[in-house]
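# Reading the structure
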Amino acid sequence: MVEFKDIHKNFGKNDVLTGINLTIQDGKTTAILGPNGSGKTTLIKILLGMCHSNKGDILIGDSTTKNNWSYRKNIDYLPQIANFPGNIKVKEIIAMIKDLRHQKTRDEELITYFELKPYLDTKLSHLSGGYKQKVNLVLSLMFDSPFVILDEPTSGLDPLSLIKLKDLLKKEQDNGKTILITSHIMSFVEEISDHISFILDGKVYFDGSIDELKSTTQETDFEYAIANLLKNDHA
Amino acid sequence: MLKILKYSFFDLTRSRWSYVYFLFYLLLSSVLLFLNNDLSNTIITLLNVVIVLVPLIGTIFGVMYYYDSQEFTELLLAQPIKRKSIFLGQYLGVATSLSLSVLLGLGIPFALYGLFQSNVIFDFLILIVVAVFLSFIFSALAFNIALSNTNKIKGFGYAILVWLFLAVIYDGAFLIALIYFQEYPLDKFTLVATLFNPIDLSRILILLKLDISALLGYTGAIFKDFFGTITGSIVSLGVLAVWVVLPLWRMLYVAKKKDF
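Residues numbered from 1 in each chain as written. Chains lettered and ligands numbered in written order. Predicted model: local features only at pLDDT ≥ 70, side-chain atom pairs only at ≥ 80, totals over all residues. Heavy atoms only, no water.

As recorded by an unreviewed UniProt entry, chain B carries the name Cu-processing system permease protein and is attributed to Psychroflexus sediminis.

Labelled according to an unreviewed UniProt entry, chain A appears under the name Cu-processing system ATP-binding protein, originating from Psychroflexus sediminis. In the Sequence similarities (unreviewed entry) part of its UniProt record, chain A is described as follows: "Belongs to the ABC transporter superfamily." (UniProt positions renumbered as here; feature names shortened; annotations may be inferred.)

Here you go:
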C-alpha cells in the first residue's frame with residue numbers, strides 16, 4: 001500500500017500541490033486524473049524521489065520514501081516524455097539499464113511483444129515517437145516489479161500498439177500488480193482502472209471508483225462525468 | 001557508482017571531442033619537443049599552455065557533458081540508485097577522461113623522446129599532476145554551474161566567465177591592487193590571494209619544482225620566501241586538493257536538494 005500524507009509542493013510562487021492525501025491499494029489499478037498542469041507528474045516524481053515535497057510524507061508499506069532509494073527496486077516507472085540519449089542504440093540502453101539494476105528481466109519477451117527486434121541496432125535519435133515510447137515501455141516494464149507507475153503510457157502509440165498495451169496491462173492486473181497511471185485518454189482509463197483520483201487545484205477533488213464517479217456527477221458517460229467535475233468547479 | 005563512472009567514461013571515449021583534445025596535446029608536445037630539442041624547456045612552454053587550456057576545456061566540457069546527459073540522468077534517477085552515485089560517477093567519468101587525454105597526449109611524445117632516461121622526470125610528473133588537478137577542479141566547478149542553471153545558455157555563459165575570471169581577470173585585478181597599494185606590506189595579502197586561484201597555485205607549484213626564480217614573479221617569490229620550496233609545494237598541493245573537495249561537496253549537496 002502506498003500512502004500520500006498531506007503532500008505540498010511549490011515551484012517558486014506556483015503552488016502545485018496543496019495537501020494531497022491519497023491511498024493506493026495493493027493489487028488495484030489507480031488512475032490519477034486532472035487537467036493539464038494539475039501536478040500529476042509532480043506527484044509521481046515525488047513518489048519516486050526525483051522531486052522533493054515541501055511538506056508531507058509518502059509511506060510505502062511502513063517505510064517512508066525520504067532519504068531512501070532502495071524502495072525503487074520494487075517500482076517500474078514509465079516517464080512521460082521518452083527522452084533518451086540520442087547517440088546510443090536500442091539494445092545498448094536496454095543492456096545498460098539491466099546492468100545497472102541487476103534484477104531479473106523479461107526484456108526478450110517484451111521486445112518480441114512490441115515488435116522491436118528489427119530496431120535493436122538503431123540509434124535512439126533515429127526512432128519515431130511511437131517506437132521511442134515502445135522502447136520506453138520495454139525499459140520500464142522489463143523488471144516485472146510488483147508496483148508499476150505509468151505516466152501517459154499511450155502517448156504516440158498507434159491503435160494496434162495501444163490494444164497490445166491494454167492487453168499487457170490486463171495481464172499484469174491478473175498477476176496482482178499494483179498499477180498507477182495518468183492519462184488523458186478517457187476510454188483507456190475507463191477500461192483499465194479500478195479507482196479514480198481526480199486532482200484539482202493541488203488537492204484530491206474526487207477519490208473513488210468509476211461507478212461512484214458516475215453516480216456523484218449523475219452522468220452515465222465516464223468522459224462526461226470527468227468533464228462535469230471540471231465544469232462544476234469552475235462554474 | 002562505479003558502473004555510472006564506467007558508462008560515462010566509455011560514453012566520452014566514444015566522443016569525438018576527447019580525441020580532438022588528446023590529439024591536440026599530442027601534436028603540441030611533439031612539435032614543441034622537436035623545436036626546443038630539450039625536455040626542460042618544453043615543460044616550461046607546456047606549463048603556460050596547460051594552466052590556461054586545461055581549465056578552459058574542463059569547464060566547457062563539464063558543462064556540455066552535464067547538459068548533454070540530462071535525459072539519461074533523469075532515466076537514472078528513477079532507478080534504484082543513490083543520487084550521490086549518479087552525479088559522482090558522471091563527474092569522475094568526465095574528469096578522468098579529460099585527465100587521460102592530457103596524460104596520454106603529453107606522455108607519449110615525452111616517453112618516446114626519452115623522458116625515462118632523463119633527470120627531469122619529476123618535473124614532468126608535476127606538470128601532469130597539475131593538469132590532473134586542474135581537470136578535476138574545473139569539471140567540478142562546471143558541474144556546479146550546470147546544476148544550478150537549467151538554462152543552457154546561462155550555464156555556458158557562467159562557465160566561460162568563471163574561466164575568464166580565474167585565468168585572466170584575477171591576475172589583472174591582483175596586479176592593479178598590488179600597484180595601487182604598493183606603499184603597504186602586501187606579503188600576507190599576496191599569499192592569501194594566490195590561494196584563492198587554482199590557476200596561480202598550479203603555476204607556482206610547477207615553478208617551485210623547476211626552481212626558476214626568474215619566472216616565479218612576485219607571487220611565486222613571496223610564496224617561496226614564506227614557505228620554502230618543499231613546504232610551498234606541499235601547501236599548494238593541499239590547497240589544490242581543497243579546491244577539488246569543496247566544489248565536489250557543493251555539487252553533491254545541490255544535486256541532493258534539486259528537483260528533476
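What follows picks up the thread again.
Tallying secondary structure elements over chain A gives eight helices and 10 strands in all. In terms of overall dimensions, chain A is globule-like: its C-alpha atoms have a radius of gyration of 18 Å, near the 18 Å expected for 235 residues. Principal-axis analysis of the C-alpha atoms places the extent of chain A at approximately 55 × 40 × 35 Å. Every one of the 235 residues in chain A was classed for burial, and the buried ones make up 50%. Long-range pairs, those at least 24 residues apart, make up 67% of the contacts in chain A between residues at least 6 apart in sequence. Summed over all atoms, the accessible surface of chain A reaches about 10,700 Å², with 49% contributed by carbon and sulfur. (Helix = DSSP H or I, 4+ residues; strand = E, 2+ residues; numbered from the N terminus. Rg over C-alpha atoms; globule rule 2.2 N^0.38 Å. Buried < 20%, exposed > 50% of the residue type's maximum accessible area, 1.4 Å probe, protein only. Contact = heavy atoms within 4.5 Å. Areas by Shrake-Rupley, 256 points an atom, 1.4 Å probe, with all protein chains shown as cover.)

Here the structure, examined in full by the defined rule, presents 17 aromatic pairs over all chains. Aromatic pair Tyr21 of chain B and Tyr25 of chain B: ring centres 5.0 Å apart, planes at 70°, arrangement edge-to-face. Taken as a pair, Tyr21 of chain B and Tyr25 of chain B lie in helix H2 (residues 16-36) at a separation of four residues, close to a single helical turn. The same class applies to Tyr21 of chain B as to Tyr25 of chain B, namely buried. The interplanar angle of 85° and the centroid separation of 5.7 Å between the aromatic rings of Phe165 of chain B and Tyr170 of chain B together place this pair among those described as edge-to-face. Look at Phe165 of chain B and you get partly exposed, because its relative accessible area is 40%. Of the aromatic side chains, those joined through ring pairs into one cluster are Tyr66, Tyr67, Tyr91, Phe136, Phe143 and Phe156 of chain B. Positioned over the ring face of Tyr71 of chain A is Arg72 of chain A, at 6.0 Å from the centre of the ring. It is Lys164 of chain A that lies over the ring of Tyr113 of chain A; its NZ or CZ is 5.2 Å from the centre. (Phe/Tyr/Trp six-rings, centres within 6.5 Å; stacked < 30°, edge-to-face > 60°. Lys NZ or Arg CZ within 6 Å of the ring centre and 35° of its normal.)

Size of an interface, as often reported, equals the accessible area lost when the parts are brought together. Counting residues at the interface gives 23 residues for chain B and 29 residues for chain A. Taking both partners together, chain B and chain A bury about 2,300 Å²; carbon and sulfur atoms supply 58% of that area. Summed over the three residues of chain B that lose the most area to chain A, namely Leu75, Pro80 and Asp259 of chain B, the buried surface amounts to 25% of that side. The tally of links from chain B across to chain A stands at two salt bridges. One salt bridge connects Asp99 of chain A with Lys6 of chain B, and the closest N-O pair in it is separated by 3.4 Å. Our enumeration of links across chain B and chain A arrives at 13 residue pairs in polar contact (both at pLDDT 80 or more). At the level of elements, helix H1 (2-13), helix H4 (70-77) and helix H10 (213-257) of chain B are the ones that each hand at least two residues to the side of chain B that touches chain A. For the side of chain B that touches chain A, a count of residues per class yields 10 nonpolar, one polar and 12 charged. (Buried area = accessible area lost by both parts, 1.4 Å probe. Salt bridge = Lys/Arg side-chain N within 4 Å of Asp/Glu carboxyl O. Polar contact = N/O pair within 3.5 Å; in protein donor to acceptor, adjacent residues only side chain to side chain. Nonpolar A, V, L, I, M, F, W, Y, C, P; charged D, E, K, R; others polar.)

On to the UniProt feature "transmembrane region" (unreviewed entry) in chain B. With numbering aligned to this structure, UniProt lists the feature "transmembrane region" (unreviewed entry) at residues 20-37, 43-67, 88-112, 124-146, 158-181 and 226-249 of chain B. Structurally, residues 226-249 of chain B is divided into 100% helix and 0% strand, and its ends, taken at the C-alpha atoms, are 30 Å apart.

This next bit is on the pairing of strand S2 (residues 14-24) of chain A. All names here are of chain A. Taken together, the eight bridges between strand S1 (residues 2-11) and S2 define a ladder with antiparallel strand orientation. In the sheet register, Glu3 faces S2, and the bridge partner there is Thr23. Following S1, the chain reverses through two residues before pairing antiparallel with S2; Gly12 in that reversal takes a positive phi of roughly 65°. (Pairing = 2+ DSSP bridges.)

Residues and elements named next belong to chain A. Reading across from one edge, S2-S1-S4-S5 is the order of the four strands in this open sheet, with antiparallel pairing throughout. Looking along the sheet, the strands with just one partner apiece sit at the ends: S2 and strand S5 (63-64). Set on the sheet, helix H1 (residues 40-48) makes contact with S1, S2 and strand S4 (55-60); between it and S1 the angle comes to about 115°. (Axes fitted to C-alpha atoms, helices over the stretch in contact; angles between N-to-C directions.)

What follows is about a nonpolar patch on the surface. On the surface, a cluster of nonpolar side chains totalling about 530 Å² of accessible area is made up of Tyr158, Leu161, Leu164, Phe165, Val168 and Ile169 of chain B. With a relative accessible area of 47%, Val168 of chain B lands in the partly exposed category. (Patch = residues over 30% accessible without salt bridge, like charges linked within 9 Å, V, L, I, M, F, W, Y side chains within 5 Å.)

Next up on the list: the sheet that holds strand S8 (residues 178-182) of chain A. Residue and element names in this part refer to chain A. One open sheet holds the six strands; their spatial order is S6-S7-S8-S3-S9-S10, and the pairing between them is mixed. Two strands lie at the open edges of the sheet, namely strand S6 (75-78) and strand S10 (203-209), each paired on one side alone. Pairwise comparison of adjacent strand axes, ignoring direction, gives a mean angle of 15° for this sheet. Where strand S3 (residues 29-33) meets strand S9 (residues 195-200), four bridges bridge the pair, whose relative direction is parallel. Paired with Ile32 across the strands is Ser197, a residue of S9. Here helix H7 (residues 210-217) sits on the sheet in contact with S9 and S10, set at roughly 110° to S10.

The next subject is the side chain of Lys177 of chain A. Residues and elements named next belong to chain A. Within the secondary structure, Lys177 is located in the loop between helix H5 (159-174) and S8. Looking at Lys177, its side chain comes within polar contact range of the main-chain oxygen of Ser145, at 3.4 Å. A distance of 3.0 Å separates polar atoms of two side chains, one belonging to Lys177 and the other to Glu172. If sequence neighbours within four positions are ignored, Lys177 has contacts with Gly27, Lys28, Arg106, Asp144, Ser145, Pro146, Val148 and Glu172.

What follows deals with helix H2 (residues 90-101) of chain A. Taking 1.5 Å per residue as the helical rise, H2 of chain A with its 12 residues ought to reach 16 Å, and the 17 Å between its terminal C-alpha atoms agrees with that figure. Each element contacted by the buried residues of H2 of chain A is listed here: S6, helix H3 (107-113) and helix H4 (129-141) of chain A together with H1 and H4 of chain B. Of the residues trailing H2 of chain A, His102 of chain A is marked for its positive phi of about 55°. (Expected span 1.5 Å × (residues − 1).)

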